[in-house]
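# Summary of structural features
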Amino acid sequence: MEELICFEPILQERIWGGCKLGAYGFDTLGKHNIGEAWTLADHQNGQTKVNAGRFSGDALRDLWSNHPEIFGVDTTEAFPLLIKWIDAADDLSVQVHPDDHDACRLEGQPYGKNECWYIVDCPADATIIYGHDFKTKADLLRAVREDDLTSGLIDLPVSPGDFFYVPAGTVHALTEGCLVIEIQQNSDTTYRLYDYDRIDHSTNKPRQLHLKEALEVIQFPHFQYEEPYVPTSFCSRLLTTNAYFFVEEWAIHDMITIAPRTSFQVITIISGTLIINQLRYTAGDTVLIPAKVTCTVSGKGKLLLTGPNPTPKQRLHIGIDLGGTHTRVAAINQHHVVKQYRFLTEAAAGPDYTINHLRQAIQKLLEEFEVERIGIAAPGPLDAATGRLLSPPNLPGWDDVNLVRPLEEFFNIPVSLENDANAAALGEALFGAGQDYASIYYMTVSTGIGGGYVYQKTLIRGAHGYAGEIGNTIIDASGPEHPVLNKGSLEGLASGTALQTRADLLNERSVATLLRNPLERLRFVNHLATGIANIIHTLDPEAVIIGGGVTASADLFWEELLQAVNARLYPTLRQKTIIRLAALEGNAGVIGAAHLNRMNAE
């Protein structure tokens, strides 16, 4: 089956619909409030039909039932995808969709609705609603009853070309002026939480809300989904790949080839005029590529390529970065963060609260990946050998908490725990700025100051797990008091917290403005350089790698810092020890954590 298949779109009126779709190839002449154009659908609320060729007039369902060779996947289940364009002339309702389990449980439907948005057009100052700040169902319900739901919703700025994957359970809404392409599971199940008191003109009553069902499927707390784009060729990038579908964006400027897959693929033309296998297509067209068919594309334009994702589960590790404010649970392939969930730790709610959310996030990743091991980077003090936290200051009340056992028993997967600075040190040593050196010391200069020593790609923890903890070393005995550490400690003088305290004292707007003051910059550089020189004299590493939030302002102090360190070293050491900025940025901790078990095994 070599023939490409194009479909006639189905235009859907919506109370919030507009008139923009006509500019993208859709026949909206004489029609009003067209909110959606379904371009590929096999659903009870809409069946797209083939508009040309040997299958002209056949519905997608007919092809799915009678020509399985076109699709290259099991056609005994319902067609898996639904593709549409959305023109939001007004704000859409604040809503949420169920996952497959909840769709079956609540609606008797085979599919939930995991979806994604590609922003085709939007106002210059546009935002979308993506997520919420409510800790519990009770908090959200209280806000609804007090007519204050919108105060707890998260607004994200958007621009044309942006892409968002919206997992089931995520509270969300498109807003006025946004025009998007939506690729989703084959479902039309939506639970409205808030609808701006709009009236359904067919009943003259407010549109129905679905608060009870919504509360059963919303994720508490909100998990912020993050998935980096991955270049796949000189003109394409992978926007998402998940258990339900993949999406790629292609910018066409010359002739290119879209390789065949064992399953069908779908092209949606975003803009321009493209020649695909010698046929002409323009914006708004949707083209189904049968399984095992190669496409040549020429012209100038932009398209989305999507399809089901029947590939076997990828084998990888999970890295967890447990912080006092935020927690990240990431799928890690070597040094790449494949995707991650970020959520508020809510340390005051206690360890059981957070451990439960760790389980939920890990379970979401297990639905997509074959996970071999899990590593946790957490603030110390802790006992890595027994998997216990020992009253960390960043997690008050977490006294003698075993993080490893409840996860290991629940998932039957090996779990390791490590100090967050040590985990970041391992990440940088294996895959970052220290990968070319046999011995590195990693220092994080952030809210606090910590460090870790890696020799021959192995963490050196010391007899009690405190090796490399430079933050408590005394730099100036007459320096400021610290609530936990020594008076005049390096952390008390040169951490991000210390710098912010100093900035507040001097009425500076930020740490960056403080460091633009020559005297304050010299004060900071001298303290930090003394700490670095001390660790070099103690450990004699090949390289010192410096990361953490304060290094975002490194352009203000870096050269002065290097000079100050050298001035404090033995003459025979000067210019020999390499000092570099961290390469993995904020991902060193989760990457190092993901490789803890490998290190232990070796």
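Please read these numbers as outputs of a predicted model, since none were measured by experiment.

So, on to the packing of aromatic side chains. On inspection of all chains with the given rule, the structure shows 16 aromatic pairs. Centre to centre, the rings of Trp64 and Phe71 are 4.9 Å apart; their planes meet at 70°, and the pair counts as edge-to-face. The class for Trp64 is buried, based on a relative accessible area of 4%. Look at Phe71 and you get buried, because its relative accessible area is 0%. When the ring of Tyr165 is compared with that of Phe245, the centres are 6.1 Å apart and the planes differ by 70°; the resulting orientation is edge-to-face. Here Tyr165 is found in strand β12 (residues 163-166), whereas its partner Phe245 is found in the loop between β20 (236-241) and β21 (246-252), with 80 residues between them in sequence. An identical accessibility class is assigned to Tyr165 and Phe245; each is buried.

On the surface, Glu146, Asp147, Asp148 and Asp197 cluster together into a patch of negative charge. When you line up the elements, Glu146 lands in the loop between α3 (137-145) and β11 (153-157).

In a beta sheet, neighbouring strands are held together by backbone hydrogen bonds and run either parallel or antiparallel to one another. Pairing within the open sheet is antiparallel, and its six strands lie in the order β2-β3-β7-β14-β9-β12. Bordering the open sheet on either side are β2 (10-18) and β12, each of which pairs with just one other strand. The sheet shows a mean angle of 25° between the axes of neighbouring strands, taken without regard to direction. Where strand β9 (residues 115-121) meets strand β14 (residues 179-185), six bridges bridge the pair, whose relative direction is antiparallel. Counted as the bridge partner of Trp117 is Glu182 from β14.

With that out of the way, let us pick up the environment of Ile83. Relative to the assigned elements, Ile83 resides in strand β7 (residues 81-87). Overall, Ile83 belongs to the buried group, its relative accessible area being 0%. Note: C-alpha distance between Ile83 and Gln184 (101 residues apart in sequence) is 6.4 Å. The contact partners of Ile83, leaving out residues within four places of it in the chain, are Ala37, Trp38, Thr39, Leu40, Ile181, Glu182, Ile183, Val266, Thr268 and Thr306.

The subject of this paragraph is the sheet that holds strand β38 (residues 543-547). Ordered by their spatial adjacency, five strands build an open sheet running β37-β36-β35-β38-β39, and the pairing between neighbours is mixed. Both outer strands of the open sheet, β37 (458-460) and β39 (578-581), are each paired with one neighbouring strand and no more. Across the sheet, the mean angle from the axis of one strand to that of its neighbour is 30°, orientation sign disregarded.

Moving on, we come to unusual backbone geometry. A negative phi angle is the norm for most residues apart from glycine, just as the trans form is the norm for most peptide bonds. A cis geometry characterises the amide bond from Phe220 onward to Pro221, with omega recorded as -10°. The omega torsion of the bond from Gly380 to Pro381 falls at 5°, within 30 degrees of zero and hence cis. In this structure, Ser391 is a non-glycine residue whose phi angle is positive, near 55°. Mapping Ser391 onto the fold places it in the loop between β32 (388-389) and β33 (401-402). The phi angle at Lys457 is positive, at roughly 65°, despite the residue not being glycine. Note that Lys457 resides in the loop between β36 (449-455) and β37.

What counts as what
Residues numbered from 1 in each chain as written. Predicted model: local features only at pLDDT ≥ 70, side-chain atom pairs only at ≥ 80, totals over all residues. Heavy atoms only, no water. Phe/Tyr/Trp six-rings, centres within 6.5 Å; stacked < 30°, edge-to-face > 60°. Buried < 20%, exposed > 50% of the residue type's maximum accessible area, 1.4 Å probe, protein only. Helix = DSSP H or I, 4+ residues; strand = E, 2+ residues; numbered from the N terminus. Patch = residues over 30% accessible without salt bridge, like charges linked within 9 Å, V, L, I, M, F, W, Y side chains within 5 Å. Areas by Shrake-Rupley, 256 points an atom, 1.4 Å probe, with all protein chains shown as cover. Salt bridge = Lys/Arg side-chain N within 4 Å of Asp/Glu carboxyl O. Lys, Arg positive; Asp, Glu negative; His and termini not counted. Charge placed at Lys NZ, Arg CZ, Asp CG, Glu CD. Pairing = 2+ DSSP bridges. Axes fitted to C-alpha atoms, helices over the stretch in contact; angles between N-to-C directions. Contact = heavy atoms within 4.5 Å.

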